[in-house]
Amino acid sequence: MSVLEVKTAGEPVLKKISEPVKKIDKRIKKLLDDMAETMYATEGIGIAAPQVGVNLRMVVVDVGNKRLDLINPEITSREGVSIDTEGCLSCPDLFGDVERAEKIHVKFTTRYHKEKEIDAEGLLARCIQHEVDHLDGRLFIDIAKNIRKGKPQRGEQVK
């Protein structure tokens, strides 16, 4: 596995709508593993392929329970509203309050070619929504209610 360069705000790949993954092969699985390695090395809890310069619809998240690889994720329902502080590996030293759904239902394909659906809430739901935004060319700074510089406060997570 390799730690990849994280693209930062201003890089064109972060504003593009990502293409669906058509075939899950060794190259895609290696990219997922490299994305995870990069996420852990940078102390993030989620990373999307555009953040490492790849215009494909895939994300890796780990909010402390277990790593999830989501290929072609689609949020099919949203419920409730929650505002919380977010940061981003692609926007170093920036944080802001973002409104997201409290609960979501997500369809995706696993690295083992299985179609799967999960219900997520709390931090996992927030993280998945944040990463899916990356796949649609949107950064948290585009939708945050406010932006501040500095290090995260106690309890703030970097996605």
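Model, not experiment: these values are computed from the prediction.

Colleague: Let's hear about the overall build of the protein chain: which residues, and what values?
Modeller: In terms of regular secondary structure, the protein chain is built from three helices and nine strands. The order of α-helices and β-strands along the protein chain, N terminus first, is α-β-β-β-β-β-β-β-α-α-β-β. For a compact globule of 159 residues, the expected C-alpha radius of gyration is about 15 Å, and the protein chain comes in at 14 Å, within 12% of that figure. In terms of its C-alpha atoms, the protein chain occupies a principal-axis envelope of roughly 40 × 35 × 30 Å. For the protein chain, with 159 residues in total, the buried portion stands at 49%. A total of about 8200 Å² of accessible surface is found on the protein chain, and carbon and sulfur atoms cover 47% of it. Side chains of the protein chain give 27 positive and 27 negative charges; the mean places of these two sets differ by 4 Å.

Colleague: Quick one: what's the story with the sheet that holds strand β2 (residues 58-61), residue by residue and with numbers?
Modeller: Within the open sheet, the five strands sit side by side as β1-β2-β3-β6-β7. Their pairing is antiparallel. Strands with a single pairing partner mark the edges of an open sheet, and in this sheet they are β1 (46-48) and β7 (115-121). Taken pair by pair, the neighbouring strands of this sheet meet at an average axis angle of 40°, ignoring direction. Note that β1 and β2 share three bridges and pair antiparallel. By the bridge assignment for β2, alanine 48 is matched with valine 59. Packed onto the sheet, helix α1 (residues 26-41) meets β1, β2 and β3 (68-79) and runs at close to 40° relative to β2.

Colleague: Requested: an account of the side chain of aspartate 133, with residues and values cited.
Modeller: Along the chain, aspartate 133 turns up in helix α2 (residues 122-135). Side chain to side chain, aspartate 133 and arginine 100 meet in a polar contact 2.7 Å long. If we skip the residues at most four places from it in the chain, aspartate 133 touches Arg100, Arg138 and Ile143.

Colleague: Go over the pattern of salt bridges with me, naming the residues and quoting the values.
Modeller: Counted by the stated rule, this structure contains 15 salt bridges. Notably, a salt bridge pairs lysine 7 with glutamate 5, separated by 3.7 Å at the nearest N-O pair. Relative accessible area serves as the criterion here: at 54%, glutamate 5 is assigned to the exposed category. In this structure, the salt-bridge partner of arginine 111 is aspartate 33, at a minimum N-O distance of 3.0 Å. Residue arginine 111 is found in the loop between β6 (103-109) and β7, and its partner aspartate 33 is found in helix α1; the two are separated by 78 residues along the sequence. Owing to a relative accessible area of 13%, arginine 111 belongs among the buried residues under this scheme.

Colleague: For the environment of isoleucine 128, give the residues involved together with the corresponding values.
Modeller: Residue position: isoleucine 128 is located in helix α2. For the pair isoleucine 128 and glycine 46, spaced 82 residues apart in the sequence, the C-alpha separation amounts to 7.7 Å. For isoleucine 128, the residues in contact, after removing those within four places along its chain, are Val61, Leu70, Ile104, Val106, Ile118 and Ala120.

Definitions and cut-offs
Residues numbered from 1 in each chain as written. Predicted model: local features only at pLDDT ≥ 70, side-chain atom pairs only at ≥ 80, totals over all residues. Heavy atoms only, no water. Helix = DSSP H or I, 4+ residues; strand = E, 2+ residues; numbered from the N terminus. Rg over C-alpha atoms; globule rule 2.2 N^0.38 Å. Buried < 20%, exposed > 50% of the residue type's maximum accessible area, 1.4 Å probe, protein only. Areas by Shrake-Rupley, 256 points an atom, 1.4 Å probe, with all protein chains shown as cover. Lys, Arg positive; Asp, Glu negative; His and termini not counted. Charge placed at Lys NZ, Arg CZ, Asp CG, Glu CD. Pairing = 2+ DSSP bridges. Axes fitted to C-alpha atoms, helices over the stretch in contact; angles between N-to-C directions. Contact = heavy atoms within 4.5 Å. Polar contact = N/O pair within 3.5 Å; in protein donor to acceptor, adjacent residues only side chain to side chain. Salt bridge = Lys/Arg side-chain N within 4 Å of Asp/Glu carboxyl O.

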